[in-house]
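# Residue-level structural notes
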Amino acid sequence: MTTVVLPDALFTLTTGPVNAYPDVMRALSTPLLYDYDPHFLDFYQHVAEKVRTVMHSRDMPLILQGEPVLALEAAAASVIGRHDVVLNLVSGVYGAGFGAWAQRYCQTLLEIRVAYNQVIDPQQVANMLRQHPEISVVCACHHDTPSGTINPVEDIGRLVKQHGALFVVDAVSSFGGMAVTPDAIGADIFITGPSKCLGCPPALSLVAISQAGWEKIAHNPDAPRSSILSLLDWRDAWQKNQPFPFTPSVAEINGLNAALDHYLHEGETVVWARHALTAQACRAGLQAMGLSLWAADEAFASPTTTAIRVPVGIDEAQLRAEARARFGVVFSAGRGETQGKLTRIGHMGPTAQPMYAVLAIAAYGGALNALSANTVDIGAGIAAAMATIGAS
Ligand SMILES: *Cc1c(COP(=O)(O)O)cnc(C)c1O
């Protein structure tokens, strides 16, 4: 006989898709307006302005009608032209993936690659920029989620500005969970989405573009128009007297509005602090059980994802299956190169609550102990997590 765990009984502690906030779920079920209904036109502009507020961006960000891979590919297509020399920074699966898009549009692709448990060293970027004055675009992934590591985008952004290149940043899984905004890191194209730390379902992208970014796009003869990959098409759509290039995702805009209200009402610094504390408690507990973080240095371990190295002799997929079957706790696998080597515990939006770290530690330890004679001390893990929470 098989036991069925109802989805409602699952603790989804993943790194995206994440469980959405209840107020987002309620907003998704509110009536759908015609996109040219005057009320919706007002509402869309209002939501766009709220996005600008939370992103602290000078220019009006775009809301694109697809989860953030759309925005990443659209950014590559719109910004990078056939004469560009692109420097792509790779410390993980998403960084590498952006290189594949950049390659499609640029003249020359240069890369700095580091091991996927490391982060990019700004000194290396400085050297590369000095050796290649022709570099015109630099691309970085802030939080490479399949590694759970945070790249020093602020330092890199400063170097890119000095060099006079454009800076494209994937901040999909960091924005909303830690202090990162486009202007603060000097990003010209800053790509994120509400489906990670803002606690929405995967469906939309948010893109902040600087004046220099818009100028580059406007002067790129290869930038798509009348296309799902076009950023230009959406430039003015936030204004209630301007047409949409195609139908906006009405229900998702309702959900996004609720997520933004949630974020603004709680206050960004409070939101970031609970993400940081949850991750800190989680790392403390896992390490107290004798386990190793994937990140080579805890200093760059992400506040929104904890990636834990799978102990030798354990099958990672089986470990997650045990955690789900025995405890109803769902974790994320690695991806690409990190698949099978690590397990990821998400601290994003509604699950960025310190007590979820305790739950994660108990379930991860319990699953390990079910699979191995080499048992871990779950009590020590919980005690360390609780001590971290108590000391905050
Ligand atoms: C989640 C995420 C995206 C969106 O991509 P999916 O693979 O569709 O989930 C892009 N970049 C990063 C860093 C992400 O974490």
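Basis of the calculations
Residues numbered from 1 in each chain as written. Predicted model: local features only at pLDDT ≥ 70, side-chain atom pairs only at ≥ 80, totals over all residues. Heavy atoms only, no water. Near = heavy atom within 4 Å. Polar contact = N/O pair within 3.5 Å; in protein donor to acceptor, adjacent residues only side chain to side chain. Areas by Shrake-Rupley, 256 points an atom, 1.4 Å probe, with all protein chains shown as cover. Nonpolar A, V, L, I, M, F, W, Y, C, P; charged D, E, K, R; others polar. Pairing = 2+ DSSP bridges. Helix = DSSP H or I, 4+ residues; strand = E, 2+ residues; numbered from the N terminus. Contact = heavy atoms within 4.5 Å. Axes fitted to C-alpha atoms, helices over the stretch in contact; angles between N-to-C directions. Buried < 20%, exposed > 50% of the residue type's maximum accessible area, 1.4 Å probe, protein only. Right-handed = clockwise from strand over helix to strand, strands pointing away. Core = buried A, V, L, I, M, F, W, Y, C linked by side-chain atoms within 4.5 Å. Domains from an automatic or database assignment. Buried area = accessible area lost by both parts, 1.4 Å probe. Salt bridge = Lys/Arg side-chain N within 4 Å of Asp/Glu carboxyl O. Disulfide = S-S within 2.5 Å. Parallel < 35°, antiparallel > 145°, perpendicular 65-115°, else oblique. Left-handed = near helix turned anticlockwise from the far one by under 90°.

## Some details on the site of the ligand
- Around the ligand, the surrounding shell consists of Glu 67, Val 69, Leu 72, Tyr 94, Cys 141, His 143, Thr 145, Asp 170, Val 172, Ser 173, Lys 196 and Arg 335.
- At 2.8 Å from a nitrogen atom of the ligand is found a side-chain nitrogen or oxygen belonging to Asp 170.
- At 2.9 Å from an oxygen atom of the ligand is found a side-chain nitrogen or oxygen belonging to Arg 335.
- If the ligand stood free it would expose 380 Å²; the protein chains cover 88% of that surface.
- Split by residue class, the shell around the ligand holds 5 nonpolar, 3 polar and 4 charged.

## Quick notes on the sheet that holds strand β14 (residues 342-346)
- In space, the 3 strands of this open sheet follow the order β11-β14-β13, with antiparallel pairing throughout. The sheet is open, and its two edges are formed by β11 (305-309) and β13 (332-333), each paired on a single side.
- Relative to β14, β11 is paired through 5 bridges, and the arrangement is antiparallel. Each residue of the ladder has a partner; that of Ala 307, found in β14, is Arg 344.
- Relative to the sheet, helix α10 (residues 268-288) contacts β11 and β14, its axis offset from that of β11 by approximately 15°.

## A word on the pairing of strand β3 (residues 85-90)
- Among the 6 residues in β3, 6 count as buried, and that is most of the element.
- Across the two faces of β3 the burial is the same, with Val 85, Leu 87 and Leu 89 and Val 86, Asn 88 and Val 90 all buried.
- Pairing between β3 and strand β4 (residues 108-113): 6 bridges, direction parallel. Within β4, the position partnered with Val 85 by the bridge is Thr 108.
- Traced from β3 through helix α4 (residues 93-105) to β4, the parallel crossover comes out right-handed.
- Alignment of β3 against strand β5 (residues 137-141), held across 3 bridges, turns out to be parallel.

## Digging into unusual backbone geometry
- For the bond from Gly 16 to Pro 17, the omega torsion is -5°, close enough to zero to count as cis.
- Relative to the helices and strands, Pro 17 is located in the loop between β1 (11-12) and α1 (22-28).
- Positive phi, normally seen in glycine, also occurs at Ser 226, with a value near 50°.
- Residue placement: Ser 226 occurs in the loop between α8 (211-218) and α9 (250-266).
- The exposed category is assigned to Ser 226, whose relative accessible area is 73%.

## Considerations on the nonpolar core
- The biggest cluster of nonpolar side chains holds 93 residues, and the ones touching the most others in it are Ile 63 and Leu 87.
- At 9 residues, the largest contribution of residues to this core is made by helix α2 (residues 38-55).

## What to know about the domain arrangement of the protein
- According to the domain assignment, the protein consists of domain 1 (11-19 + 268-390) and domain 2 (31-264).
- If you look at the interface, domain 1 gives 28 residues, while domain 2 gives 27 residues.
- At the boundary of domain 1 with domain 2, total buried surface from both sides reaches about 2200 Å², with 61% on carbon and sulfur atoms.
- The largest per-residue losses of area from domain 1 upon contact with domain 2 belong to Glu 268, Trp 272 and Phe 300, which jointly make up 26% of the total buried on that side.
- Scanning the region where domain 1 abuts domain 2 turns up 0 salt bridges.
- Taken together, the links from domain 1 to domain 2 amount to 13 residue pairs in polar contact (both at pLDDT 80 or more).

## Thoughts on the side chain of Ser 147
- Considering the arrangement of structural elements, one finds Ser 147 in the loop between β6 (143-144) and β7 (149-150).
- Taking the relative accessible area as the measure of exposure, Ser 147 reaches 0% and is therefore buried.
- Separated by 2.9 Å, the side chain of Ser 147 and the backbone oxygen of Tyr 116 make a polar contact.
- Apart from the residues lying within four places of it in its own chain, the contact partners of Ser 147 are Ser 91, Gly 92, Tyr 116, Trp 294, Ala 307 and Thr 338.

## Observations concerning the state of the cysteines
- For the structure shown, the criterion picks out 0 disulfides.
- Of all cysteine sulfurs in the structure, the one in Cys 139 sits closest to Cys 141, which takes part in no disulfide; the separation is 11 Å.
- Look at Cys 141 and you get buried, because its relative accessible area is 4%.
- Cysteine Cys 282 remains unbridged, with the sulfur of Cys 197 as its closest cysteine sulfur at 14 Å.
- On the basis of relative accessible area, Cys 282 is assigned to the buried category, the value being 0%.

## A short note on the packing of α10 against helix α13 (residues 378-390)
- Viewed as axis vectors pointing N to C, α10 and α13 meet at an angle of 150°, and their least axial separation amounts to 7 Å. Classed by the angle they form, the pair α10 and α13 counts as roughly antiparallel. Note on packing geometry: the crossing formed by α10 with α13 is right-handed. Where α10 approaches α13, its residues Leu 277, Gln 280, Ala 281, Ala 284, Gly 285 and Ala 288 are matched on the opposing element by Ala 380, Gly 381, Ala 384, Ala 385, Thr 388 and Ile 389.
- When its residues are assigned to classes, the contact of α10 with α13 shows 8 nonpolar, 4 polar and no charged.

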